[in-house]
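# Reading the structure
So the chains spell out like this:
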2 protein chains.
Amino acid sequence: MTTLITTFSALADETRLGIVERLMAQGELPAGDLVSDAGISGPAISRHLKILREAGLVSQRAEGNKRLYSVRPEAMRTIADWTMDHRKFWEAGLDRLEALLSEEEHG
Amino acid sequence: MTTLITTFSALADETRLGIVERLMAQGELPAGDLVSDAGISGPAISRHLKILREAGLVSQRAEGNKRLYSVRPEAMRTIADWTMDHRKFWEAGLDRLEALLSEEEHG
DNA sequence: CATCTATTTAACTTTTTCGTTAAATGGATG
DNA sequence: CATCCATTTAACGAAAAAGTTAAATAGATG
């Protein structure tokens, strides 16, 4: 499976997208904090975190008892790059952005 | 399911991502042309196309016997917008782009 | 060191996804 | 109008995904 498909798969789930968005908004958080709000059990969150980890979307670091998670920018870049590669398909009509990007292209 | 999750789900499959990329590269194509290369049966492709259609990623138009498919820019924008909303997480170190976007921000 | 807290792994179940082949639908053509 | 071609829908099976509870692991603490 390509990196891109792995990344899309990882984000194609409400719980996981929620985790990633929350980590982006609030920064590094322990696994336990993510359990509280998700409405599912600890083990379920743990497995989601594993999927996100294996997809390279989050990184984990130990601090005593806890496991602190945070978003890895590189993974977000995978999507950003793909999006940019195909911008011809979505930029139509976005005048300012279009001008901006064509500036970028031409010098 | 949010639009974003639907979009990610639609692209989280090798066959479907392949279809979308091919349609972006070659423009509008009949369903039959997409079957040939994918290595799976017609009905399988047909179901993938339905998923892409329902996710808003492609549009269909009839021409006689055939069904011509193409990519819908709006769907690509869904991803682009999300990516842009969170660019702080992936732009670090991309000096030129960073400068460019901060220009955009400040006018 | 017994135990509490935080998290993960194991075992199991249910639901979803994705493929297949066979049948249906609908336009084009001898 | 009988049939061909392009595509979709139906019916079914196998594999993967996502949840649950129970047990295991590991650091912190009385």
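The structure reproduced in this document is the subject of the present report. (Residues numbered from 1 in each chain as written. Chains lettered and ligands numbered in written order. Predicted model: local features only at pLDDT ≥ 70, side-chain atom pairs only at ≥ 80, totals over all residues. Heavy atoms only, no water.)

Glancing now at the packing of helix 1 (residues 3–11) of chain A against helix 1 (residues 3–11) of chain B. Contact pair helix 1 of chain A / helix 1 of chain B: the axes reach a minimum separation of 8 Å and the direction vectors enclose 145°. Once helix 1 of chain A is placed against helix 1 of chain B, the crossing between them reads as left-handed. Counting all contacts with helix 1 of chain A, which are made through Ile5, Phe8 and Leu11 of chain A, the residues of helix 1 of chain B involved are Ile5, Phe8 and Leu11 of chain B. Taken together, the residues that form the contact of helix 1 of chain A with helix 1 of chain B break down as 6 nonpolar, no polar and no charged. (Axes fitted to C-alpha atoms, helices over the stretch in contact; angles between N-to-C directions. Helix = DSSP H or I, 4+ residues; strand = E, 2+ residues; numbered from the N terminus. Left-handed = near helix turned anticlockwise from the far one by under 90°. Contact = heavy atoms within 4.5 Å. Nonpolar A, V, L, I, M, F, W, Y, C, P; charged D, E, K, R; others polar.)

Around DNA strand D, the structure places 23 residues, and the nearest of them are Ser41, Arg47 and His48 of chain A together with Gly32 and Tyr69 of chain B. Among the atoms of DNA strand D close to the protein, meaning within 4 Å, 59% are from sugar or phosphate groups. Asp13 of chain A places a side-chain nitrogen or oxygen 3.3 Å from a phosphate oxygen of DNA strand D. Between DNA strand D and Asn65 of chain B there is a distance of 3.2 Å, counted from a base oxygen to a side-chain nitrogen or oxygen. Secondary-structure elements contributing two or more residues to the surface near DNA strand D are helix 2 (14–26) and helix 4 (42–54) of chain A together with helix 3 (31–38), helix 4 (42–54) and strand 3 (66–71) of chain B. Residue composition of the surface near DNA strand D, grouped by class: 7 nonpolar, 10 polar and 6 charged. (Near = heavy atom within 4 Å. Polar contact = N/O pair within 3.5 Å; in protein donor to acceptor, adjacent residues only side chain to side chain.)

Before going further, it helps to examine the side chain of Thr83 of chain B. Its place among the elements puts Thr83 of chain B in helix 5 (residues 73–85). Those residues in contact with Thr83 of chain B, other than ones at most four positions away along the chain, are Ile79, Ala80 and Thr83 of chain A together with Trp90 of chain B.

Moving on, we get to the interface of chain B and chain A. Frequently, the measure chosen for interface size is the accessible area removed from exposure when the parts meet. On the chain A side, the residues contacting the 29 residues of chain B number 29 residues. In total, chain B and chain A occlude about 3,100 Å² of area from one another, counting both sides; carbon and sulfur atoms represent 75% of this. On inspection of chain B and its partner chain A, the count reaches 0 salt bridges. Our enumeration of links across chain B and chain A arrives at 2 residue pairs in polar contact (both at pLDDT 80 or more). Of all the secondary structure elements, the ones that give two or more residues to the side of chain B that touches chain A are helix 1, helix 2 (14–26), helix 5 and helix 6 (95–106) of chain B. Examining the composition of the side of chain B that touches chain A, we find that 8 residues originate from one element, helix 5 of chain B, more than from any other. Of the residues belonging to the side of chain B that touches chain A, the class tally is 19 nonpolar, 3 polar and 7 charged. (Buried area = accessible area lost by both parts, 1.4 Å probe. Salt bridge = Lys/Arg side-chain N within 4 Å of Asp/Glu carboxyl O.)

For the rest of this paragraph, the subject is the pattern of salt bridges. As a working rule, side chains carrying opposite charge can pair if their charged atoms are close by. Using the criterion set out here, one finds 10 salt bridges over all chains in the structure. When the shortest N-O distance is used, the salt bridge between Glu28 of chain B and Arg61 of chain B registers 2.6 Å. Of the two residues, Glu28 of chain B is situated in the loop between helix 2 and strand 1 (29–30) and Arg61 of chain B in strand 2 (residues 58–63); the sequence distance between them amounts to 33 residues. A salt bridge links Glu74 of chain B to Arg72 of chain B, with the nearest nitrogen and oxygen atoms 3.7 Å apart. The class of Glu74 of chain B is partly exposed, set by a relative accessible area of 45%. One network of salt bridges, with partners in common, ties together Glu28, Arg61 and Glu63 of chain A. (Buried < 20%, exposed > 50% of the residue type's maximum accessible area, 1.4 Å probe, protein only.)

All names here are of chain B. Examined against the element boundaries, Ile45 turns out to sit in helix 4. Remark: the alpha-carbon pair of Ile45 and Thr15, spanning 30 residues in sequence, is separated by 8.1 Å. The residues contacting Ile45, other than those within four sequence positions of it, are Thr15, Ile19, Ala31, Leu34, Val35, Ala38 and Ile40.

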